[in-house]
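Observations on the model geometry
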Amino acid sequence: FREQQDKEAEAVEIRPFKPAYAEAFRTLNMSWIEHYFKVEEADRQVLGDPAGRIINLGGEVLFAVSTGREQVIGTCALIRLENEKAELAKMAVSEEAKGKQVGLLLGEFAVERARARGFQTLVLESNRKLTPAISLYKKLGFIEKPFPHPSEYSRADIYMELSLFP
């Protein structure tokens, strides 16, 4: 049983958005937001229309898929802010996949995608009470900076940046 579980944990692919994954993007994110905070209008807009709010504006939505079960176990978005800057946003991992490095895999992939697309800087907003997430962002190389503008999310109390071409 343990060997099967380990094999399944290793069989994760990062895949691009497809309409069949849109519901997983919404439900994975709604789950953590509702657990820690309250869902805001900005959440509803992005989670309800990832193609229109992210992809059609030059961003990407990525999915960690457990290939054995063909199940989405994690997701994140790269939101294009301007030609040289993108935001890492809406990162969520399913409860059963927590602690299995799925967030790290998604984060590393997203950073490499941003770099490959020529973005110079990757930014994010989060909340300090999400300590595992903040630890992950630091591991990826993000550094806390002052907010350059007010956040559209009332829960955001930390702003971080990663220079992609130091």
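That block above? That's the structure.
Before going into details, it helps to say that this report is about the structure given with it. (Residues numbered from 1 in each chain as written. Predicted model: local features only at pLDDT ≥ 70, side-chain atom pairs only at ≥ 80, totals over all residues. Heavy atoms only, no water.)

**What to know about the overall build of the protein chain**
Counting its regular elements, the protein chain contains 6 helices and 7 strands. Sequence-ordered secondary structure for the protein chain, helices as α and strands as β, is α-β-α-α-α-β-β-β-α-β-α-β-β. A globule of 166 residues ought to have a C-alpha radius of gyration of about 15 Å, and the protein chain, at 15 Å, matches this closely. Expressed as lengths along the three principal axes of its C-alpha atoms, the size of the protein chain is roughly 50 × 35 × 30 Å. Within the protein chain, contacts between residues separated by at least 24 positions form 63% of all contacts whose residues are at least 6 apart in sequence. Taken as a whole, the protein chain presents about 9,100 Å² of accessible surface, with 51% of it coming from carbon and sulfur. For the protein chain, the distance from the average position of its 23 positive side-chain charges to the average position of its 25 negative side-chain charges is 1 Å. (Helix = DSSP H or I, 4+ residues; strand = E, 2+ residues; numbered from the N terminus. Rg over C-alpha atoms; globule rule 2.2 N^0.38 Å. Contact = heavy atoms within 4.5 Å. Areas by Shrake-Rupley, 256 points an atom, 1.4 Å probe, with all protein chains shown as cover. Lys, Arg positive; Asp, Glu negative; His and termini not counted. Charge placed at Lys NZ, Arg CZ, Asp CG, Glu CD.)

**Here we look at helix α2 (residues 22-36)**
Turn by turn, an α-helix covers 3.6 residues, leaving residues three or four places apart pointing in a common direction. Compared with the 21 Å implied by 1.5 Å per residue over 15 residues, the 22 Å span of α2 between its first and last C-alpha is a close match. Where α2 is buried, its residues touch α3 (41-48), α4 (50-53), β2 (60-66), β3 (71-82) and β4 (85-93). (Expected span 1.5 Å × (residues − 1).)

**Quick notes on the packing of aromatic side chains**
Per the stated rule, a full pass over the model turns up 7 aromatic pairs. Ring plane angle 45° and centroid distance 6.2 Å describe the contact between Tyr-36 and Phe-37, whose orientation is recorded as tilted. A residue is classified by how much of its surface remains accessible, and Phe-37, at 17% relative accessible area, is buried. For the ring pair Tyr-137 and Phe-142, a centre distance of 6.1 Å and an interplane angle of 65° mean the geometry is edge-to-face. What makes Tyr-137 buried here is its relative accessible area of 9%. In this structure Phe-142 comes out as buried when scored by relative accessible area, which is 3%. (Phe/Tyr/Trp six-rings, centres within 6.5 Å; stacked < 30°, edge-to-face > 60°. Buried < 20%, exposed > 50% of the residue type's maximum accessible area, 1.4 Å probe, protein only.)

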